[in-house]
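Residues per chain are reported as follows:
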Amino acid sequence: LSFDTKLLGNPDGDSSRREPEWSRLFHAMTPRLRYFFARQVSGDELDDLVAGIWQRAVLRIATLTDPDALWSWLVTIGVNLLNDGRRAEMRRDQRLGRPIPLDLAQADEHVAGRIAGDILSSSQYREGAGLIRERVSERDWELLHLWAVDELTHAEIAERMGLASAVASRQQVSRLSRRLRKELASVIKEVA
Amino acid sequence: MDQLSEAWFLRLRQNADEVLRTRQRAKALLDQRPADRFDGIGHLLGKVLPSDDQVITRFSEALGIGSPLVAQLRASELDPVHLPLPALVLIGYVLELNEESFLELVWRDHERFVELERGTMSRGPSGEPADIKRQLREAWARAGEDDPTNA
């Protein structure tokens, strides 16, 4: 799945190519976003969340310079929206807002989905998690969990992992997830 | 219109295209004239967002705020801090401003209105200037979290 994000972000681009490209993106990503976030929200809340992701993404697609980061960016917007809700809940109830706990297998699959939910079908999440697990060190696996499952901010991850800064955490996560995405895509292609 | 339907998405995108065009115009304008040469965020918005009602309606819908507010803002007839801050900071991002330029331009408009409305502010963020600035900075940082560079 690849999309011409430069064309998508150009409001005066060739509409005979741009309209179908937008439509293709919407139809490809909406079910994948639903599947990924269905572990955390359901029903109308899930629809609202996915709609909220699109509402933000269409406004800022022009600033997306790396087409390979598209899925990761859409998920990041979704996670931020969920965290907005949790922050509001914390303010309202003075409760600690944290992601819904996932069991171990679900958590591992969630890591796979966060990295490559656009190229994995729902039945490949578990296999994807296993492939990722084989390809990273213990420390990197922990880093990915803190990012994808615990949804810590990069500043929090840096503190927990003893990294120099939030920027260092962001760079490590970004480098790791790009490498793993490529490797997963290659495995899927081979299998197909 | 059903949320997440094809028609819903088409409408969403048509509205967003107005925002993307405004961004392009802002980028071109700021290449010629630095942000600090504008009297406020309303002044800059007025230069890059046409006054056409339909354009303003699409732009406003994309940002989730009422079109009269945007029309007033682009005419420098509204204190920007009376807008919902998430929408205001999105306008800042659309206008290709950095955080400091955004705060500076919002503050120029705000101070002018405070002078005019001295003691009568009743809507929007209230409190000391430092508190309003803090809220603006927080809203700016939150919008920054959705930036593709954070993906």
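Residues numbered from 1 in each chain as written. Chains lettered and ligands numbered in written order. Predicted model: local features only at pLDDT ≥ 70, side-chain atom pairs only at ≥ 80, totals over all residues. Heavy atoms only, no water.

1. A word on the overall build of chain B
Across its full length, chain B holds seven helices and zero strands. Listing every helix and strand of chain B by position from the N terminus yields α-α-α-α-α-α-α. At 15 Å, chain B has a C-alpha radius of gyration in line with the 15 Å of a compact globule built from 151 residues. With respect to the principal axes defined by its C-alpha atoms, chain B has extents near 50 × 35 × 35 Å. The contacts of chain B with a sequence gap of at least 6 include a subset with a gap of at least 24, amounting to 66%. When the accessible surface of chain B is totalled, it reaches about 7,300 Å², and 48% of it is carbon and sulfur. Positive and negative side-chain charges of chain B, numbering 19 and 26 respectively, have mean locations separated by a distance of 4 Å. (Helix = DSSP H or I, 4+ residues; strand = E, 2+ residues; numbered from the N terminus. Rg over C-alpha atoms; globule rule 2.2 N^0.38 Å. Contact = heavy atoms within 4.5 Å. Areas by Shrake-Rupley, 256 points an atom, 1.4 Å probe, with all protein chains shown as cover. Lys, Arg positive; Asp, Glu negative; His and termini not counted. Charge placed at Lys NZ, Arg CZ, Asp CG, Glu CD.)

2. Structural notes on the interface of chain A and chain B
Each partner contributes to the interface: chain A provides 36 residues, whereas chain B provides 30 residues. A per-residue breakdown of the area chain A buries against chain B is headed by A:Phe26, A:Leu59 and A:Arg60, which together make up 25% of the total. Inspection of the chain A/chain B interface yields five salt bridges. Elements supplying a minimum of two residues to the side of chain A that touches chain B: helix H2 (15–37), helix H3 (43–60) and helix H4 (70–93) of chain A. Top contributing element to the side of chain A that touches chain B by residue count: H3(A), with ten residues. For the side of chain A that touches chain B, a count of residues per class yields 16 nonpolar, nine polar and eleven charged. (Buried area = accessible area lost by both parts, 1.4 Å probe. Salt bridge = Lys/Arg side-chain N within 4 Å of Asp/Glu carboxyl O. Nonpolar A, V, L, I, M, F, W, Y, C, P; charged D, E, K, R; others polar.)

3. What about the packing of H2(A) against H3(A)?
Residues and elements named next belong to chain A. Where H2 meets H3, the axes come as close as 10 Å, and the angle between the chain directions of the two elements is 140°. Taken together, the axes of H2 and H3 are oblique relative to one another. By crossing handedness, the relation of H2 to H3 is classed as right-handed. Contact with H2, carried on its side by Trp22, Leu25, Phe26, Met29, Thr30, Leu33, Arg34 and Phe37, involves Leu46, Asp47, Leu49, Val50, Ile53, Trp54 and Val58 of H3 and no other residues of that element. Here the residues of the contact of H2 with H3 are counted per class, giving twelve nonpolar, one polar and two charged. (Axes fitted to C-alpha atoms, helices over the stretch in contact; angles between N-to-C directions. Parallel < 35°, antiparallel > 145°, perpendicular 65-115°, else oblique. Left-handed = near helix turned anticlockwise from the far one by under 90°.)

4. Considerations on the nonpolar core
Residues A:Leu33, A:Phe37, A:Trp54, B:Ile41, B:Ile91, B:Phe102 and B:Leu136 are the most contacted members of the largest nonpolar core, which totals 109 residues. In contact with A:Leu33, not counting residues within four places along its chain, are A:Val50, A:Ile53, A:Trp54, A:Trp71, A:Leu74 and A:Val75. (Core = buried A, V, L, I, M, F, W, Y, C linked by side-chain atoms within 4.5 Å. Buried < 20%, exposed > 50% of the residue type's maximum accessible area, 1.4 Å probe, protein only.)

5. A short note on helix H8 (residues 154–161) of chain A
Residues and elements named next belong to chain A. Those residues of H8 not exposed but buried are His154, Ile157, Ala158 and Met161. With its buried residues spanning 100° around the axis, H8 presents them on a single face. Residues of H8 that are exposed and point over 90 degrees away from its buried face: Glu159 and Arg160. In this fold, the buried residues of H8 make contact with helix H7 (138–148) and helix H9 (166–191). (Arc of directions from axis to C-beta.)

6. Description of the pattern of salt bridges
Taken as a whole and judged by the stated rule, the model has 27 salt bridges over all chains. Of the charged contacts in the structure, one is a salt bridge between B:Asp147 and A:Arg60, with a shortest N-O distance of 3.5 Å. On the criterion of chain membership, the pair formed by B:Asp147 in the segment after helix H7 (129–145) and A:Arg60 in helix H3 is interchain, its members lying in two chains. Comparing B:Asp147 with A:Arg60, the two get one shared label, buried. Put simply, B:Glu100 and B:Arg137 hold a salt bridge, and the shortest N to O gap is 3.1 Å. Of this pair, B:Glu100 sits in helix H6 (residues 99–116) while B:Arg137 sits in helix H7; the two residues are 37 residues apart in sequence, bridging distant segments of the chain.

Interpretation note: all reported values are geometric properties and have no functional meaning in isolation.
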